[in-house]
Structures are given as structure tokens and as C-alpha cells.
Amino acid sequence: LLYILRYFCHYFITSWGHIMGARMERDMRKDIFSHLQKLSLSYYDENNTGKLMSRIVTDLFDISELAHHGPEDVFISILKITGAFIILFNINVKLTLILIFFTGIMLYFSYFYNIRMKSAFRKNKEKIAEVNAQLQDSLSGIRVVKSFANEEVEREKFNKGNEEFLTSKEDSYFIMGRFYSGNNFFQGLLYLSVVFLGGIFISSKSLNPSDLVVYILYINIYLNPIEKLINFTEQFQRGITGFERFLEVMHTNP
């Protein structure tokens, strides 16, 4: 019965969750397009059309993905973490305090790298917007380009923007690499600490070997949602960066 219920829940989340995100994306796209129609010509002199298109297409997609996946992931993860924590606390208080200590370190580490990831993702969006701008300028004016035999000039300009985008992506992936590997390292230390101290507690007769085995098994239930939240961090930073860029346009006074 639970698996049947789970089937319908997964169906609802997968289908209507994405439909909700698509509808939010449609409404935001309608709002930003309507606002762009009100802005003066001087705004378009200062902002390239290709960059504005990037905000309307790429940024809004990241926002909608965050909007419908975020609450679901956070709610389920917090539910699992709370349940696993209560069970672990009832098995052994001392080992659970160690668990809290390492969880605190992981949260601080995640917060520190979240700031760096946000900056990196914003730079990514700016660089891909420049690539889109160059592409739009070149293709919309292709007759002028060909009439002056400027193909090589346009190619060099595009390649420069493309390389800068690659560099920004590489920087963000280095940050992500340190972020994910660092969190995995702390998870490993957590396991080792529990096994090591659990062995000491067993030798001092303050913990049963069977309780330690059960505790280690429940650590997986505790760490899986934490890992999901860590993975969610990347999506959150992409979405929040896109939302800030969306608001920059919406807050521009006509």
C-alpha cells in the first residue's frame, strides 16, 4: 500500500512539480517582457539585446528549477535528518554529540563555499550573456559582416567571449570540486570518529557492540539527506543568482 501511495506521490511531484515550474517561468517571462516594453530607448542603448535575452531564457529556467525542486528537497531532507537524529540520540548520547560537532563543521564549510559559488555562478551568467550578445550582433548583422568581409573579425570576437566563458566555468568547477570533496572528507571523518570512539566505549563497557552496528547503519540515513542538501546548494546558488538578475531588470524605473 505504501509503494502504491509512493507511486502516486512521485507521479504528482514529477509531473505537476515541473508544470508548476514551467508556469512560474511563463509568468516571470511575461512580467519581464512587459516591463522591457516600458523602458526607454536609452536603456537599450546601454544594454545589449543578447544579454537581455539571456536573462529572459537562461536565468528564468534556473529560477523555476529552484522554485519547484527546492522546497521538496529541503522538506524531505529535514524530515529524514530529524527522524534519524532522534533515533541516534536514543541509541547513544555521546556519539550523537560527536555527530552534531561534525555536522556543525560541514555547515560552516558549506556556508563559506556558498558565498564563493554565488560569485562564480554570477560571473558565469554574465559571460554567457556576453556570448549571446556577440552571437546576436553577428547573426543579425550578417549581411553587413559579409559585405565588408569581416568574418574573421567576428570570429575572433566570438572566440574571445567564448574563451572567457570557459574560464569562468572552469573557476566555478574548481570551487565546486573543493566544496563537494571537502564535505565528503568530513563525512569520512565522522564515520571514523564514530567507529573509533564507539570501540573505546565498547571496551569501557558503556556501549553494546550491537548498538554500535545499529548506530553506524543509521548514520547512513542521517547523512543521505545532508548530502542531498549539499547537492541542492549548487541549484540554489544558480537559481538565486538568476533571480537577482531578474530583479535588476524589474527594478529599473521606466
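Quick note: structure is the one above.
For the structure given in this document, a descriptive report is provided here. All of these numbers come straight from a predicted model, not from anything done at the bench.

1. Comments concerning the overall build of the protein
Thinking step 1. Along the backbone of the protein there are 7 helices and 0 strands.
Thinking step 2. What you see in the protein, going N to C, is helices and strands ordered as α-α-α-α-α-α-α.
Thinking step 3. By the compact-globule yardstick of 18 Å for 254 residues, the protein is too spread out, its C-alpha radius of gyration being 25 Å.
Thinking step 4. Over its C-alpha atoms, taken along the principal directions, the protein stretches across nearly 85 × 40 × 35 Å.
Thinking step 5. Relative to its full complement of 254 residues, the protein shows a buried share of 36%.
Thinking step 6. The contacts of the protein with a sequence gap of at least 6 include a subset with a gap of at least 24, amounting to 87%.
Thinking step 7. As displayed, the protein offers around 15,500 Å² of accessible surface, 66% of which is attributable to carbon and sulfur atoms.
Thinking step 8. Distance between charge centroids for the protein: 5 Å, based on 27 positive and 26 negative side chains.

2. Quick look at the side chain of Asp59
Thinking step 1. One can find Asp59 in helix H3 (residues 49-91).
Thinking step 2. Within the structure, the side chain of Asp59 is placed 2.6 Å from the side chain of Arg245, a separation counted as a polar contact.
Thinking step 3. Setting aside anything within four residues of it in sequence, one finds Asp59 in contact with Ser54, Lys125, Gly242 and Arg245.

3. A closer look at the packing of H3 against helix H4 (residues 93-140)
Thinking step 1. It is at 12 Å that the axes of H3 and H4 come closest, and there the two elements cross at 170°. By the angle between their axes, H3 is roughly antiparallel relative to H4. Every residue of H4 that contacts H3 at Thr49, Gly50, Lys51, Met53, Ser54, Asp59, Asp62, Phe85, Leu88, Phe89 and Ile91 is listed here: Val93, Thr96, Leu99, Ile100, Lys125, Ile128, Ala129, Glu130, Asn132, Ala133 and Gln136.

4. Regarding the nonpolar core
Thinking step 1. Leu95 and Tyr222 are the most contacted members of the largest nonpolar core, which totals 28 residues.
Thinking step 2. Secondary-structure elements contributing two or more residues to this core are H3, H4, helix H6 (151-203) and helix H7 (209-250).
Thinking step 3. Top contributing element to this core by residue count: H4, with 10 residues.
Thinking step 4. The residues touching Tyr222, leaving out its near neighbours within four places in the chain, are Ile81, Ala84, Phe85, Leu88, Leu99 and Thr103.

5. Looking at the pattern of salt bridges
Where charged atoms of side chains with opposite charge meet at close range, the side chains can pair.
Thinking step 1. Inspection of the entire model under this criterion finds 16 salt bridges.
Thinking step 2. For Glu151, the salt bridge identified is with Lys146, shortest N-O distance 4.0 Å.
Thinking step 3. Judged by its relative accessible area of 53%, Lys146 falls in the exposed class.
Thinking step 4. Glu154 is the salt-bridge partner of Lys157, the closest N and O atoms lying 3.5 Å from each other. With a gap of 3 residues between them, Lys157 and Glu154 both fall in helix H6, about one helical turn apart.
Thinking step 5. Where salt bridges share partners, they join Arg55, Lys118, Arg122, Glu126, Glu244 and Glu248 into one cluster.

6. Overview of a nonpolar patch on the surface
Thinking step 1. Residues Leu1, Ile4, Tyr7 and Phe8 make up a contiguous nonpolar surface patch of about 540 Å² in total accessible area.
Thinking step 2. Note that Leu1 resides in the segment before helix H1 (2-38).
Thinking step 3. A relative accessible area of 87% means that Leu1 is categorised as exposed.

7. Here's the deal with the packing of H4 against H7
Thinking step 1. Contact geometry for H4 and H7: axes closest at 9 Å, N-to-C directions at 25°. With respect to H7, the element H4 is oriented roughly parallel. Remark: the crossing between H4 and H7 carries right-handed chirality.
Thinking step 2. A class-by-class count of the residues in the contact of H4 with H7 yields 13 nonpolar, 8 polar and 9 charged.

How each quantity is defined
- Residues numbered from 1 in each chain as written.
- Predicted model: local features only at pLDDT ≥ 70, side-chain atom pairs only at ≥ 80, totals over all residues.
- Heavy atoms only, no water.
- Helix = DSSP H or I, 4+ residues; strand = E, 2+ residues; numbered from the N terminus.
- Rg over C-alpha atoms; globule rule 2.2 N^0.38 Å.
- Buried < 20%, exposed > 50% of the residue type's maximum accessible area, 1.4 Å probe, protein only.
- Contact = heavy atoms within 4.5 Å.
- Areas by Shrake-Rupley, 256 points an atom, 1.4 Å probe, with all protein chains shown as cover.
- Lys, Arg positive; Asp, Glu negative; His and termini not counted.
- Charge placed at Lys NZ, Arg CZ, Asp CG, Glu CD.
- Polar contact = N/O pair within 3.5 Å; in protein donor to acceptor, adjacent residues only side chain to side chain.
- Axes fitted to C-alpha atoms, helices over the stretch in contact; angles between N-to-C directions.
- Parallel < 35°, antiparallel > 145°, perpendicular 65-115°, else oblique.
- Core = buried A, V, L, I, M, F, W, Y, C linked by side-chain atoms within 4.5 Å.
- Salt bridge = Lys/Arg side-chain N within 4 Å of Asp/Glu carboxyl O.
- Patch = residues over 30% accessible without salt bridge, like charges linked within 9 Å, V, L, I, M, F, W, Y side chains within 5 Å.
- Left-handed = near helix turned anticlockwise from the far one by under 90°.
- Nonpolar A, V, L, I, M, F, W, Y, C, P; charged D, E, K, R; others polar.

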